[in-house]
Structures are given as C-alpha cells and as structure tokens.
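Residue-level structural notes
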Amino acid sequence: MTRIDGRNPNELRPVKITPHFLSHASGSCLIEMGGTKVICSAMVEESVPGFLKGSGKGWLTAEYSMLPASSSQRIQRERQKVGGRTHEIQRLIGRSLRACIDLNQLGERSLLVDCDVVDADGGTRTASITGAYVAVMLAIKKIQQKSPTLVPLTKTAVAAVSVGIVKGIPCLDLNYEEDKDAEVDMNIVRTGSGRFIEVQGTAEGVPFDDEAMQSLILLGKKGITELLEIQKKVLES
C-alpha cells in the first residue's frame, strides 16, 4: 500500500524538534510532524495549588489550544470555557507528563505546560505530548542549574503517536486525510521504560479484532521508540 504522502504503512512522517524556540519560557520547542506544527513551552512557578501547600510536593499542569488559522476553517478561540475535546486533551497531556517526573522531589514548584497548535494535519495531541516532554526536560535543566543539590527529577521519558487502520491496512502516524477516513483511529502514549500511559482506540464503523489491535500496538511501539530517540538527541545537543 502506498499512502497519500508516499510513506510505507510503518513509517513516521518527517519529524523535527527545534529546542529553545521561545525566548522567555523556562523550556520550549517547536515540534513538526509532517504538516502538524506545535509550539510547546514549560514555565516554572515557585508555588503550588492550594491542595499541595505545605506538602513539599510539586505539580504539573497542561493547557492545549489550536490557533484560529491552524486549520482550513477558522477555529474560534476558547476565551471563557474550553470545550470537551480541549479539556480531554489537556488532561491527557498533563497525566502523560506527570508520569515522567518525580513530583515528590520537585519541591513546592509548578511546571505550567502550554501546547499551541500552529498547523494541524492530524496527530496534534500526540505531537503535543512528544514535544512537551522536551520542553519540560529543558525547564527541569534550568531548575537544577539553580539548585544543583536537587536529586534527579526525571523518572522516564514519554512520547506518543497515532496509529490506525486505513483501507484495511494498519498505518503509523496518520495525517489528517488518513485520520478522517480511517476505519480505526488510536492514540498510544508510552514511556521510555516500556510502559503504557494510554491506549485510546475507536472503531469508526466496523469493530476491530484482537489481531488488528496487536498490529496497531506493535506499530505504535515502533513509532514511539523512534520518537524517544529523536527526543534524546535533541536534549543531548
């Protein structure tokens, strides 16, 4: 099967992560996966939400948005209250990133993560998680530079990718055209230590069987392994 953009079914789109993309953020990057582009940033605040005050523990929370011109039809800004999709994605990003750092060792600090989609061509939530991890690690480097006696805060890496069944074929990293017509759409979030944070799959019509599920999981693991290596190279550069 030849895909719309010429890739093989088991290929990621071209991936580029540009670190330190923003001047004022504690950590930031621009992640590009094919036509999808997301600016990810992490800011450090020397305080925590009320429910954690006095605990000695830190916190991480995430926000996600799509810029108005990120899609072919203008997207309304969510000024007062975020919609259900946005709320779901924000929670997914937050819990994915909280799994990779030791909040007990962070001290009473908060990491505030923002993922802003500049161009949307499928896989915006998974690209956000993959890029946000880099932004958070860069922010943690700054914290540790100021507090060199702080114990290591990173427990594991984390990355995410979409998979799906398109015209009967399991495919890795769907773009928008594939995603909108896919028979099965799935997002996979996995740690560098090989554990799953989320497997979020939906059949768009005909239910899928165990064999299809295993094919998609294997594709997702392959893609995430490649993304973890890209993250590592960026953070070591």
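Residues numbered from 1 in each chain as written. Predicted model: local features only at pLDDT ≥ 70, side-chain atom pairs only at ≥ 80, totals over all residues. Heavy atoms only, no water.

Moving on to the layout of surface pockets. Considered as a void within the structure, the largest pocket measures approximately 430 Å³ in volume. Lining the largest pocket are 19 residues, with Arg85, Gly122, Gly123, Tyr176 and Asp179 positioned closest to its centre. Counting only elements with at least two residues in the lining of the largest pocket, the list comes to α2 (124-146), α3 (176-181), β8 (184-191) and β9 (196-203). By volume, the second largest pocket is sized at about 270 Å³. The wall of the second largest pocket is formed by 17 residues, among which Tyr64, Ser65, Met66, Gln76 and Glu78 lie closest to the centre. Elements represented by at least two residues in the lining of the second largest pocket include exactly β4 (59-66), α1 (84-98) and β5 (110-119). (1 Å grid on protein atoms, 1.4 Å probe; cavity = no way out; pocket = protein on both sides within 12 Å on 5 of 7 lines; lining within 4 Å. Points joined across faces, edges and corners; volume = space filled by probe spheres on them. Helix = DSSP H or I, 4+ residues; strand = E, 2+ residues; numbered from the N terminus.)

What follows is about the packing of aromatic side chains. Tallied over the full model, the rule gives one aromatic pair. Plain terms: the ring middles of phenylalanine 51 and tryptophan 59 are 5.5 Å apart, the flat faces sit at 85 degrees to each other, and that makes the pair edge-to-face. Of the residues examined, phenylalanine 51 reaches a relative accessible area of 61% and is grouped as exposed. Across from the ring centre of phenylalanine 196, 5.0 Å away, lies the NZ or CZ of arginine 190, which sits over that ring. (Phe/Tyr/Trp six-rings, centres within 6.5 Å; stacked < 30°, edge-to-face > 60°. Buried < 20%, exposed > 50% of the residue type's maximum accessible area, 1.4 Å probe, protein only. Lys NZ or Arg CZ within 6 Å of the ring centre and 35° of its normal.)

A word on α1. In this model α1 runs 21 Å from its N-terminal to its C-terminal C-alpha over 15 residues, within 8% of the 21 Å that 1.5 Å per residue would give. When we look at burial in α1, the residues that qualify are Thr86, Ile89, Gln90, Leu92, Ile93, Gly94, Ser96 and Leu97. In the core, the buried residues of α1 are packed alongside β4, β5, α2, β6 (158-166), β8 and β9. (Expected span 1.5 Å × (residues − 1). Contact = heavy atoms within 4.5 Å.)

Turning next to the packing of α2 against helix α4 (residues 210-236). Contact geometry for α2 and α4: axes closest at 10 Å, N-to-C directions at 30 degrees. Comparing their axes, α4 and α2 come out roughly parallel. When you trace α2 past α4, the crossing you get is right-handed. Where α2 abuts α4, its residues Thr130, Tyr133, Val134, Met137, Leu138 and Lys141 lie against Leu227, Gln231, Val234 and Leu235. Taken together, the residues that form the contact of α2 with α4 break down as seven nonpolar, two polar and one charged. (Axes fitted to C-alpha atoms, helices over the stretch in contact; angles between N-to-C directions. Parallel < 35°, antiparallel > 145°, perpendicular 65-115°, else oblique. Left-handed = near helix turned anticlockwise from the far one by under 90°. Nonpolar A, V, L, I, M, F, W, Y, C, P; charged D, E, K, R; others polar.)

If you trace the four strands from one edge of the open sheet to the other, you get β7-β6-β8-β9, paired in antiparallel fashion. Each edge of the open sheet is held by one strand with a lone partner, namely β7 (169-172) and β9. For this sheet the average axis-to-axis angle between neighbouring strands, irrespective of direction, equals 15 degrees. Pairing of β8 with β9 involves seven bridges; the strand directions are antiparallel. Its bridge partner lying in β9, arginine 190 is registered against phenylalanine 196. (Pairing = 2+ DSSP bridges.)

A separate point is unusual backbone geometry. Phi is positive for histidine 20, which is not a glycine, with a value near 55 degrees. Locating histidine 20 in the fold gives a position in the loop between β1 (15-19) and β2 (27-33). The exposure class assigned to histidine 20 is exposed, which follows from its relative accessible area of 58%. The residue lysine 167 is not glycine, and still its phi comes out positive at about 55 degrees. Considering the arrangement of structural elements, one finds lysine 167 in the loop between β6 and β7.

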